[in-house]
Amino acid sequence: MGDDYNKITLQCTYLGHQMRIHALYFSPTNEILLSVCREKKFNWYSTKSTDDNHQHPRGVHHLSAWALSIAMDDLTRQCFIGDASGNIQFLKLTNDNKCQTITTLSGHTGWLIDY
């Protein structure tokens, strides 16, 4: 971003989805970018330019429905993914680039939309 906010310079293109991305989350603390899409995938990427192949996913977690929203607690690396079936997937990203399912929260009757 330019100092006067009038210029944006492309730094990197991240590869990993074939269909529409519904939500992104950037964690400057953990230097990772999270994305969810219509192909029922949750991807995470390193944003460190010094990492080999940083533009490709560090990990992929397959979901049971389209993901529509994502949030993360930066300190604990816990993620919450809202999907089209009304569930919230509660996941944890480990330090070795694995994704651990904690639980699925249910109770919504329709689409979760992040505004």
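Structure's up top.
Summarise the overall build of the chain; cite the residues concerned and give the values.
When helices and strands are tallied, the chain shows zero helices and eight strands. When the elements of the chain are put in sequence order from the N terminus, they spell out β-β-β-β-β-β-β-β. When burial is assessed residue by residue, the chain has 37% of its 115 residues classed as buried. Long-range pairs, those at least 24 residues apart, make up 34% of the contacts in the chain with a sequence separation of at least 6. Summed over all atoms, the accessible surface of the chain reaches about 7,300 Å², with 50% contributed by carbon and sulfur.

Hey, could you go over unusual backbone geometry for me, with residue numbers and the actual values?
A positive phi angle, close to 55 degrees, is found at glutamate 31, a residue other than glycine. Within the secondary structure, glutamate 31 sits in the loop between β1 (21–27) and β2 (32–37).

Could you give me a rundown of the environment of phenylalanine 80, with the residues and numbers involved?
Among the secondary structure elements, phenylalanine 80 is positioned in strand β6 (residues 78–83). When its relative accessible area of 30% is taken as the criterion, phenylalanine 80 is described as partly exposed. Along the primary structure phenylalanine 80 and leucine 105 are separated by 25 residues, whereas in three dimensions their C-alpha atoms are 9.5 Å apart. Aside from chain neighbours lying at most four places away, what touches phenylalanine 80 is Ser69, Ile70, Ala71, Ile88, Gln89 and Phe90.

Report on the sheet that holds strand β7 (residues 88–93), specifying residues and quantitative values.
The strand order β5-β6-β7-β8 describes an open sheet built from four strands, whose pairing is antiparallel. Strands at the two margins of the open sheet, each flanked by one partner only, are β5 (67–73) and β8 (99–105). Neighbour-to-neighbour, the strand axes of the sheet open up by a mean angle of 20 degrees, direction not taken into account.

Describe the pairing of strand β4 (residues 59–62), with residues and values.
Side chains of β4 alternate between two faces, with Gly59 and His61 buried and Val60 and His62 left unburied. Both strand β3 (residues 41–46) and β4 contribute to a ladder of four bridges, which runs antiparallel. Looking across to β4, one finds that phenylalanine 42 is bridged to histidine 61.

I'd like a description of the nonpolar core, backed by residues and values.
Of all hydrophobic cores here, the largest spans 14 residues; its most connected members are Leu34, Val36, Phe42, Ile70, Cys79, Ile81 and Leu93. Only β2, β3, β5, β6 and β7 provide two or more residues apiece to this core.

Please give an account of the packing of aromatic side chains that cites residues and values.
Applying the stated criterion across every chain yields a total of two aromatic pairs. Measuring from ring centre to ring centre gives 5.2 Å for phenylalanine 42 and tryptophan 44, while their planes differ by 45 degrees; the resulting arrangement is tilted. The burial state of phenylalanine 42 is the same as that of tryptophan 44; both residues are buried. Here phenylalanine 80 and phenylalanine 90 contribute two aromatic rings whose centre-to-centre distance is 4.8 Å and whose plane-to-plane angle is 15 degrees, an arrangement assigned as stacked. With phenylalanine 80 in strand β6 and phenylalanine 90 in strand β7, this pair connects stretches of sequence that are ten residues apart.

Definitions and cut-offs
Residues numbered from 1 in each chain as written. Predicted model: local features only at pLDDT ≥ 70, side-chain atom pairs only at ≥ 80, totals over all residues. Heavy atoms only, no water. Helix = DSSP H or I, 4+ residues; strand = E, 2+ residues; numbered from the N terminus. Buried < 20%, exposed > 50% of the residue type's maximum accessible area, 1.4 Å probe, protein only. Contact = heavy atoms within 4.5 Å. Areas by Shrake-Rupley, 256 points an atom, 1.4 Å probe, with all protein chains shown as cover. Pairing = 2+ DSSP bridges. Axes fitted to C-alpha atoms, helices over the stretch in contact; angles between N-to-C directions. Core = buried A, V, L, I, M, F, W, Y, C linked by side-chain atoms within 4.5 Å. Phe/Tyr/Trp six-rings, centres within 6.5 Å; stacked < 30°, edge-to-face > 60°.

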